[in-house]
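Structure assessment
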Amino acid sequence: MNINGQRLLSNVARFAEIGKVGEIGVERIALSEEDKEARDLLKTLMLDLGLEVHIDQLGNMIGIRKGRKDLPAVAFGSHLDTVYAGGRYDGALGVIAGLELIQTLNDQGVETDHPLAIINFTNEEGVRFAPDMMGSHVYSGQAKLDDILVSKAYDNPNETVGSQLKAIGYDGALKPGSIALESFFELHIEQGPVLENEAIDIGVVEMVQGIHWTRYTIEGEANHAGTTPNQYRKDTGYASAEIIKFIGDYSRKEENPVLTTVGSIRYEPNTINIIPREVSFTVDLRSTDKEALNKGQIEIDTFINKAVNESDLAVKSEVMVRFEPVHFPKEMPDLVENTAAGLELRSKRMPSGAGHDAQMMNHCCPSTMIFVPSVNGISHNVEEYSKDQDVINGANVLLNAVLNRAKQVS
Ligand code: HGY
Ligand code: MN
Ligand code: MN
C-alpha cells in the first residue's frame, strides 16, 4: 500500500510556513507561539481524520484511530518543536507522515486489529528547557511530571514548562503514559551524511547514542582589562578557553568514540574592557558506548576541576541530561528492513547519532526508527533538506510497517 505523496509534501510545506525562517528554514521553539500554532493545526487535522484527540498534562498530543479489538495502540509520531534556526523536517516529518498514514487508511477503508496512535511529543529539542526528549521521557515513565513542570527556561528563570504550557493552552488533563502502547515507530531524517553518501534509501536504526548535557559556570573576578597585571587576575575567560580546547581535543584523540560539543557560552558582564567575572558554557557528549561516555565525562570533569583550582577560580556544574545508549529490540528493525525490501528500497542498518523520542519510548514499548537521507548531511540548520522521493519512501515504509504490526484486517 502507498501513501499519497503529493498530499504528504503539501502538508510538509504547510507546517513549514509556521515559524518560517528564510527560504526553507523553520524555527518553532517548544511552548512558543509558533509551537502553539503548529499544535493547533495538528489538532484540527487530527479531528478532521476522525481521531479521538488527547492532550496530556505535559502537552503531549495523542490522536487515536479505533481498532477492531480493544488492544494497546500501535503508535508512531515525533515532535513539532525545532531548534533555533532549524529545518522543516526534523521531527515534523514523523508527525506529518503519521497524519498521511491515517488519511490513506481512511481513504481506502482499511481497518486494523490494534488501534493506531499518532503522537506529537512536547519539547524534544531541549533548546529552551532541559531535558531534551522531555515529553517522551515523562510518557515512558522515566521522569516525574512535577519535576519537569518546574524546569526553568535557560534564558528566563521566571518561565517554567508548567507556566508556558498554560500560556499556550496545552496543559492537558490526561496523565502522561496512561494510553497503553503496543509499539512505537519514528520516521525521521538521518541528520547525517551516511545514507546520501552510500546512496541508500532507508536507514534501519538499531540503536541511539547516549547523551550527556552539563552546564559549567566558572567563577572568577571582574577587573580592569588595562590595570590588572596577569598575576593578579582571576581570569575566567582565559581558563575557560583552555578548558574548551581540552574538551575539543578530547574528542579528536585518535580512536575516541566520544563526540564533544561546546554549543553555547556566556560571558558576564561580556564587556570589552572587563576581565569576565564568570563564564558559563554547555558540554554535549555523545557515544554509542556507555563506558566511553562515562569515562569521557570523568576525564572532562577532572580537567575542569584541576584547571579551576590552579587558577584560584571556582566552578559550579549543573547536570542537565544523562541518557544511556538505547538498543531497539531485534524484531522492530527487522520489520523495518523487511518492509523496505518489500518496497524494493535499499536499506542499511545503522545507529542514530541524534537523540530521539523513540529512544525514550523504547522504555515502555518495543520501538524503532526509520531514517531517510539528509542532503549534504545537514541538520539543525535552515538549509536542512530531504528529497521528495526520499520523504515519500520513508512514509511508505512507516505505513506498511505499522500495518504489519497493527494487523490489517480489511
Ligand atoms: O539533541 C539531539 O540529539 C536531538 O536533536 N534533540
Ligand atoms: Mn528530531
Ligand atoms: Mn533535532
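The following paragraphs examine the structure supplied in this document. (Residues numbered from 1 in each chain as written. Chains lettered and ligands numbered in written order. Predicted model: local features only at pLDDT ≥ 70, side-chain atom pairs only at ≥ 80, totals over all residues. Heavy atoms only, no water.)

In contact at an axis separation of 10 Å, helix H1 (residues 5–16) and helix H12 (residues 388–406) are set at 110° when each is read in the N-to-C sense. In terms of orientation, H1 lies roughly perpendicular with respect to H12. Residue-level inspection shows Gly5, Leu8 and Leu9 of H1 in contact with H12, the latter providing Asp388, Val391, Ile392 and Ala395. Grouping the constituent residues of the contact of H1 with H12 by class yields five nonpolar, one polar and one charged. (Axes fitted to C-alpha atoms, helices over the stretch in contact; angles between N-to-C directions. Helix = DSSP H or I, 4+ residues; strand = E, 2+ residues; numbered from the N terminus. Parallel < 35°, antiparallel > 145°, perpendicular 65-115°, else oblique. Contact = heavy atoms within 4.5 Å. Nonpolar A, V, L, I, M, F, W, Y, C, P; charged D, E, K, R; others polar.)

Another point: the packing of helix H10 (residues 331–342) against H12. The geometry of H10 relative to H12 is characterised by a closest axis approach of 9 Å and an angle of 125° between their N-to-C directions. Considered as vectors, H10 and H12 are oriented oblique to each other. Crossing of H10 against H12: the hand is right-handed. Along the contact surface, H10 presents Glu331, Met332, Leu335, Val336, Thr339 and Ala340, while H12 presents Val397, Asn400, Ala401, Asn404 and Arg405. (Left-handed = near helix turned anticlockwise from the far one by under 90°.)

Scanning the entire structure with this criterion turns up six aromatic pairs. Arranged with centres 6.1 Å apart and planes meeting at 75°, the rings of Tyr89 and Tyr385 form a pair that is edge-to-face. With Tyr89 in the loop between strand S5 (73–78) and helix H3 (92–107) and Tyr385 in the loop between strand S20 (367–372) and H12, the pair connects residues that are 296 residues apart, well separated along the chain. Assessed through its relative accessible area of 32%, Tyr385 is described here as partly exposed. Three or more aromatic residues joined by ring pairs make a cluster, and in this case those are Phe121, Tyr139 and Phe184. Looking at Arg39, its charged tip hangs above the ring of Tyr170, at a distance of 5.0 Å from the centre. We note Arg215 situated over the ring of Tyr154; from NZ or CZ to the ring centre the distance is 5.1 Å. (Phe/Tyr/Trp six-rings, centres within 6.5 Å; stacked < 30°, edge-to-face > 60°. Buried < 20%, exposed > 50% of the residue type's maximum accessible area, 1.4 Å probe, protein only. Lys NZ or Arg CZ within 6 Å of the ring centre and 35° of its normal.)

Counting residues in each nonpolar core, the largest one holds 66 residues, and the members touching the most others are Phe15, Phe76, Leu101, Phe185 and Leu398. If one sorts the elements of this core by residue count, H12 sits on top with ten residues. Ignoring any residue separated from it by four or fewer positions in sequence, one finds Leu101 in contact with Phe76, Leu116, Leu398, Leu399 and Val402. Counting 23 residues, the second largest nonpolar core, distinct from the first, contains Ala73, Leu195, Met350 and Ala358. (Core = buried A, V, L, I, M, F, W, Y, C linked by side-chain atoms within 4.5 Å.)

In the vicinity of ligand 1, the contacting residues are Glu124, Glu125, Asp132, Trp213, Arg286, Ala354, Gly355 and His380. Between ligand 1 and Glu124 there is a distance of 3.2 Å, counted from a nitrogen atom to a side-chain nitrogen or oxygen. Here His380 contributes a side-chain N or O atom positioned 3.3 Å from an oxygen atom of ligand 1. Considering ligand 1 on its own, with 210 Å² of exposed area, one finds that the protein chains cover 95% of that surface. Classifying every residue of the shell around ligand 1 by side-chain character gives two nonpolar, two polar and four charged. (Near = heavy atom within 4 Å. Polar contact = N/O pair within 3.5 Å; in protein donor to acceptor, adjacent residues only side chain to side chain. Areas by Shrake-Rupley, 256 points an atom, 1.4 Å probe, with all protein chains shown as cover.)

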